[in-house]
Amino acid sequence: MSDKKGDWKYAPLGWLLAGIARLPFRGLYMLSDVLYVLVYHVVRYRRKVVMKNLTNSFPEKSEKELRDIMRKFYRNFTDYFFETIKLGHISDEEIEKRMEFVGLEQFDDCIERGESIGIYFSHCGNWEWAPSMTLWMKHPIGEKVQFCQVYRHLDNKWFNDYFLKLRSRFGSVSFEKRTVFRDLFRLKRSGVVTTTGFMSDQKPSHNDTVHVVKFLNQPTAMITGTETIIRKLGLKAYYWDIEKTGRGYYRLTVRLISADPASEPEFAITDAYARMLETTIRRNPSIWLWTHKRWKHKVNYSDNEQPRK
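Position numbers for residues start from 1 in each chain and track the written sequence from start to end. Owing to the predicted nature of the model, reporting of local features is limited to residues with pLDDT of at least 70; listing and counting of side-chain atom pairs is limited to 80 or more, with chain, interface and lining totals taken over all residues. As a convention, hydrogens and water are excluded, and side-chain values are obtained from all of the structure's heavy atoms.

Draft legend 1. Local environment of the overall build of the protein chain. Strands are runs of DSSP state E lasting at least two residues, helices are runs of H or I lasting at least four, and both sets are numbered from the N terminus onward. Of the regular secondary structure elements, the protein chain holds 10 helices and nine strands. Computation of the radius of gyration draws on C-alpha atoms, with the globule rule given as 2.2 Å multiplied by the number of residues to the power 0.38. Taken against the 2.2 N^0.38 rule, which gives 19 Å for 309 residues, the C-alpha radius of gyration of the protein chain at 20 Å falls within 12% of a compact globule. Here the accessible surface of atoms and residues is derived via Shrake-Rupley with a 1.4 Å probe, and residues count as covered only by protein chains that are part of the display. A total of about 15,500 Å² of accessible surface is found on the protein chain, and carbon and sulfur atoms cover 54% of it. The charged-residue count follows a simple rule in which Lys and Arg add positive charge and Asp and Glu add negative charge, with His and chain termini not counted at all. Throughout, a charge is located at the NZ atom of Lys, the CZ atom of Arg, the CG atom of Asp or the CD atom of Glu. In the protein chain, the 51 positive side-chain charges and the 37 negative ones have mean positions that sit 7 Å from each other.

Shown next as structure tokens:
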């Protein structure tokens, strides 16, 4: 965390979060149960947004089924909050028990061949625990191997520094979205093999080329910048398929999207990712982040390949 003069006012918050991080998981989930009641029943945080998103995504489901998904989502949401704080004080052994990775030998094989990797992943389960992948890899972080993730810079410097510290807990580095291409290109020129995670399930940036697909029953503009970077840097494209196997337990399965993205038709990688992500969400809708306003701005299939304004 930053030690700038203006950050002194956040010191009590830092102490509080550090104290919470030291609680055992049983204590964390007791707090999560309390927060769930406040967020869902009292504050009713974005409940209209969540229900609208669910209704449009699953028109075949009854209102009772949708409300059941919504309640489970908010329970997962408050669990995610405290599980993320726990990154401030969790042992390697504990996170290895709780975060299982399947198929990472594919990444090890790529690293041995000197091939860098781009990973599509999403706001499912606890995405903040995904960087613990480094604990499972045969090839450790070193002079010629780096594990990275892309992030959006937060306006509040204290919170930005706090989350960067949590995300570096297992040795990976974070690159800002606006500079990630330059950062990865620099590492490539230096002969560093990289494995980089791209969160690609929210609204596209204004400079993204519009590409609309049918996703969760509605026209959806997908992020295309990830595919652009993967193609330009010659990365192999993979998808992280996440499941919640129990409270505080997750499984991430590595799935190949394309071994040679440059040979694929334009937006084929983005289309494949959209299909894979929808499969993940439909398997357990309650683990996706339904509070974001993914469909705030309506799009049509006729909008494809038009520059965003």
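Draft legend 2. Fine view of the packing of helix H1 (residues 11–21) against helix H4 (residues 63–86). Angles run from 0 to 180 degrees between N-to-C directions of axes, and those axes are lines fitted to C-alpha atoms, restricted for helices to the stretch in contact. Packing of H1 against H4 brings their axes to within 8 Å, and their N-to-C directions diverge by 95°. The pairing of H1 with H4 is recorded here as roughly perpendicular in orientation. On H4, the residues touching Leu-17, Ile-20 and Ala-21 of H1 are Phe-82, Ile-85 and Lys-86. Residue polarity is assigned by list, with Asp, Glu, Lys and Arg as charged and Ala, Val, Leu, Ile, Met, Phe, Trp, Tyr, Cys and Pro as nonpolar; anything else, Gly included, falls into the polar class. The residue inventory of the contact of H1 with H4, partitioned by class, reads five nonpolar, no polar and one charged. We call two directions roughly parallel when the angle between them is under 35 degrees, roughly antiparallel when it is over 145, roughly perpendicular when it lies between 65 and 115, and oblique otherwise. For this analysis, residues touch if any pair of their heavy atoms sits within 4.5 Å.

Draft legend 3. Representation of the nonpolar core within the structure. Of all hydrophobic cores here, the largest spans 84 residues; its most connected members are Phe-107, Leu-184, Phe-215, Trp-240, Ile-281 and Trp-290. Dropping the residues within four chain positions of it, Ile-281 is found in contact with Phe-58, Cys-124, Phe-215, Leu-216, Trp-288 and Trp-290. Residues enter a nonpolar core if they are buried and are Ala, Val, Leu, Ile, Met, Phe, Trp, Tyr or Cys, with the set joined through side-chain atoms within 4.5 Å. Whether a residue is buried, partly exposed or exposed follows from its accessible area with a 1.4 Å probe, protein chains only, as a fraction of its type maximum: under 20%, in between, or over 50%, in that order.

Draft legend 4. Representation of the pattern of salt bridges within the structure. Here, a salt bridge means any Lys or Arg side-chain nitrogen found within 4 Å of an Asp or Glu carboxyl oxygen. Considering all chains together, one arrives at 23 salt bridges under this definition. The partner of Arg-247 in a salt bridge is Asp-79, with the nearest N and O atoms 2.9 Å apart. Pair noted here: Arg-247 is in the loop between strand S8 (236–246) and strand S9 (249–258) and Asp-79 is in helix H4, with a separation of 168 residues, a long-range link. The exposure class assigned to Asp-79 is buried, which follows from its relative accessible area of 3%.

Draft legend 5. A look at helix H3 (residues 47–57). Burial in H3 covers these residues: Arg-47, Val-50, Met-51, Asn-53, Leu-54 and Ser-57. Taken down its axis, H3 places every buried residue within 160° of arc, on the same side. Set apart from the buried face of H3 by more than 90 degrees, the exposed residues are Lys-48 and Lys-52. Contacts made by the buried residues of H3 are with helix H2 (25–43), H4, strand S7 (218–221) and helix H10 (268–283). This arc describes the spread of directions from the helix axis toward the C-beta atoms.

Draft legend 6. Broad picture of the environment of Ser-62. By secondary structure assignment, the location of Ser-62 is in the loop between H3 and H4. In sequence terms Ser-62 and Ala-262 are 200 residues apart; their C-alpha atoms lie 43 Å from each other.

Draft legend 7. Representation of the environment of Arg-182. Note that Arg-182 resides in helix H8 (residues 180–189). Separated by 47 residues in the primary sequence, Arg-182 and Ile-229 place their C-alpha atoms 9.9 Å from one another.

Draft legend 8. Representation of a positive patch on the surface within the structure. Here the term patch refers to residues with relative accessible area over 30% and no salt bridge, with like charges joined within 9 Å and nonpolar side chains (Val, Leu, Ile, Met, Phe, Trp, Tyr) within 5 Å. A grouping of Arg-46, Arg-152, Lys-177, Lys-203, Lys-293 and Lys-296 is seen on the molecular surface, where their side chains present a positively charged patch. Judged by its relative accessible area of 40%, Lys-293 falls in the partly exposed class.

Draft legend 9. Structural detail: the sheet that holds S9. Strand order across the open sheet formed by seven strands is S1-S9-S8-S2-S5-S3-S4, with mixed pairing between neighbours. The open sheet has two edge strands with one neighbour each: strand S1 (99–102) and strand S4 (173–176). Sheet twist, expressed as the average angle between the axes of neighbouring strands with direction ignored, equals 30°. In the sheet, strand S3 (residues 145–151) pairs with S4 via four bridges, with the strands oriented parallel. Residue pairing across strands places Gln-149 opposite Ser-174, the latter belonging to S4. The criterion for strand pairing is that DSSP finds at least two bridges linking the strands in question.

Draft legend 10. Inspection of a nonpolar patch on the surface at higher detail. Side chains of Val-34, Val-37, Leu-38, Val-42, Val-43 and Tyr-45 sit close together on the surface and give an oily, nonpolar patch of about 520 Å² of accessible area. Following the sequence through the fold, Val-37 ends up in helix H2.

Draft legend 11. Just helix H7 (residues 157–167), in detail. Buried within H7 are the following residues: Trp-158, Asn-160, Asp-161, Tyr-162, Leu-166 and Arg-167. Between the side-chain oxygen at the start of H7 and the backbone nitrogen of Trp-158 there is a gap of 3.0 Å, and the oxygen is on Asn-156. Between N or O atoms, a polar contact is any pair within 3.5 Å; within protein, one atom must be a potential hydrogen donor and the other a potential acceptor, and residues adjacent in sequence are included only when both atoms are from side chains.

Draft legend 12. Representation of the side chain of Glu-83 in the model. As for its position among the elements, Glu-83 is in helix H4. Although Glu-83 is buried, it forms no salt bridge, and the closest oppositely charged side chain is Lys-244 at an N-O distance of 4.9 Å. A distance of 2.6 Å separates a polar atom in the side chain of Glu-83 from a polar atom in the side chain of Tyr-29. Dropping the residues within four chain positions of it, Glu-83 is found in contact with Phe-25, Tyr-29, Asn-126, Trp-129, Gly-248 and Tyr-250.

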